[in-house]
Amino acid sequence: ALNSNVFAEMLAIRYSTPLFRLQTAEQVQERLVFHNTGAEQLPGVIVMSISDTVGENLDPNHEMVVVVFNGTPDELAYTVGDLAGMGLTLHPVQQESFDIVVQGASFDDATGTLTVPAWTTAVFVVAE
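First, a word on scope: everything that follows refers to the structure included in this document. Everything numeric in this text was worked out from a predicted model, so none of it was measured.

A word on the environment of T17
Moving on, step 1. Structurally, T17 can be placed in the loop between α1 (2–15) and α2 (25–31).
Moving on, step 2. Exposure remark for T17: the relative accessible area of 1% places this residue in the buried category.
Moving on, step 3. Between the C-alpha atom of T17 and that of A110, which follows or precedes it by 93 residues, the distance is 26 Å.
Moving on, step 4. Contact partners of T17, with chain neighbours within four places excluded, come to D59, H62 and V65.

Below you can see the structure in the form of structure tokens.
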């Protein structure tokens, strides 16, 4: 039952913002950024942000969505300095998730640090 509930939550998150349903390659190129890249890249971790602060306003509710895929056996604390002061919060669906582990994901607004439990995908949002 947990798997089907979490899957339903992921679908609810996907449909909660048009930022997860960009329509053109241009939209993807101007809005999507991968943060865990280059020589210092952490294996097993994907950190991406999708911005609604460029181009046409696609989502009246969110300025940005940040997704962290922690595919490692350890809790992750990943800092993106550009996110400091943006007021990210865990997506409301995950705040009330059937998976209590994801409820432990957090954001430190002062440092821009995203903390995500082991083997967890967390979605953070910035309200518009």
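Re unusual backbone geometry
Moving on, step 1. Phi at W119 takes a positive value of approximately 50°, unusual for a residue other than glycine.
Moving on, step 2. Looking at the element boundaries, W119 is found in the loop between β7 (113–116) and β8 (120–127).

With respect to the sheet that holds strand β2 (residues 45–51)
Moving on, step 1. With antiparallel pairing, five strands are arranged side by side in an open sheet as β1-β2-β3-β8-β5. The open sheet terminates on both sides in strands that have one partner only, identified here as β1 (32–34) and β5 (89–90).
Moving on, step 2. In the sheet, β1 pairs with β2 via three bridges, with the strands oriented antiparallel. The residue bridging L32 from the neighbouring strand is I50, located in β2.

Describing a nonpolar patch on the surface
Moving on, step 1. A surface patch of nonpolar side chains, about 340 Å² in accessible area, is lined by F7, L11 and Y15.
Moving on, step 2. When you line up the elements, F7 lands in helix α1.

Some words on the nonpolar core
Moving on, step 1. Formed by 19 residues in total, the largest nonpolar core has its most connected members in V47, V66, L83, L114 and F124.
Moving on, step 2. Counting only elements with at least two residues in this core, the list comes to β2, β3 (62–70), β4 (76–79), β7 and β8.
Moving on, step 3. When sequence neighbours within four positions are dropped, the list of residues in contact with V66 reads V47, M48, S49, L83, L88, L114, A122, V123 and F124.
Moving on, step 4. If you look at the next biggest cluster of nonpolar residues, it comprises eight residues, including M48, V67, V123 and V125.

Quick notes on the sheet that holds β7
Moving on, step 1. The strand order β4-β7-β6 describes an open sheet built from three strands, whose pairing is antiparallel. Each end of this open sheet is capped by a strand with a single partner; those strands are β4 and β6 (106–108). Ignoring strand direction, the axes of neighbouring strands in this sheet form an average angle of 20°.
Moving on, step 2. Looking at chain direction, β6 and β7 are connected through three bridges and run antiparallel. Note that in β7 the partner of F107 across the bridge is L114.

Section: the pattern of salt bridges
Moving on, step 1. For the structure shown, the criterion picks out two salt bridges.
Moving on, step 2. Between E30 and R31 there is a salt bridge, and its shortest N-O distance comes to 3.8 Å.
Moving on, step 3. By relative accessible area, which is 2% here, R31 ends up buried.
Moving on, step 4. A salt bridge links R31 to D52, with the nearest nitrogen and oxygen atoms 2.9 Å apart. With a gap of 21 residues between them, R31 in helix α2 and D52 in the loop between β2 and β3 connect regions that are remote in the sequence. We note that R31, like D52, is buried.
Moving on, step 5. Salt bridges sharing partners connect three or more residues here, namely E30, R31 and D52.

Each value, and the rule that gives it
- Residues numbered from 1 in each chain as written.
- Predicted model: local features only at pLDDT ≥ 70, side-chain atom pairs only at ≥ 80, totals over all residues.
- Heavy atoms only, no water.
- Helix = DSSP H or I, 4+ residues; strand = E, 2+ residues; numbered from the N terminus.
- Buried < 20%, exposed > 50% of the residue type's maximum accessible area, 1.4 Å probe, protein only.
- Contact = heavy atoms within 4.5 Å.
- Pairing = 2+ DSSP bridges.
- Patch = residues over 30% accessible without salt bridge, like charges linked within 9 Å, V, L, I, M, F, W, Y side chains within 5 Å.
- Areas by Shrake-Rupley, 256 points an atom, 1.4 Å probe, with all protein chains shown as cover.
- Salt bridge = Lys/Arg side-chain N within 4 Å of Asp/Glu carboxyl O.
- Core = buried A, V, L, I, M, F, W, Y, C linked by side-chain atoms within 4.5 Å.
- Axes fitted to C-alpha atoms, helices over the stretch in contact; angles between N-to-C directions.

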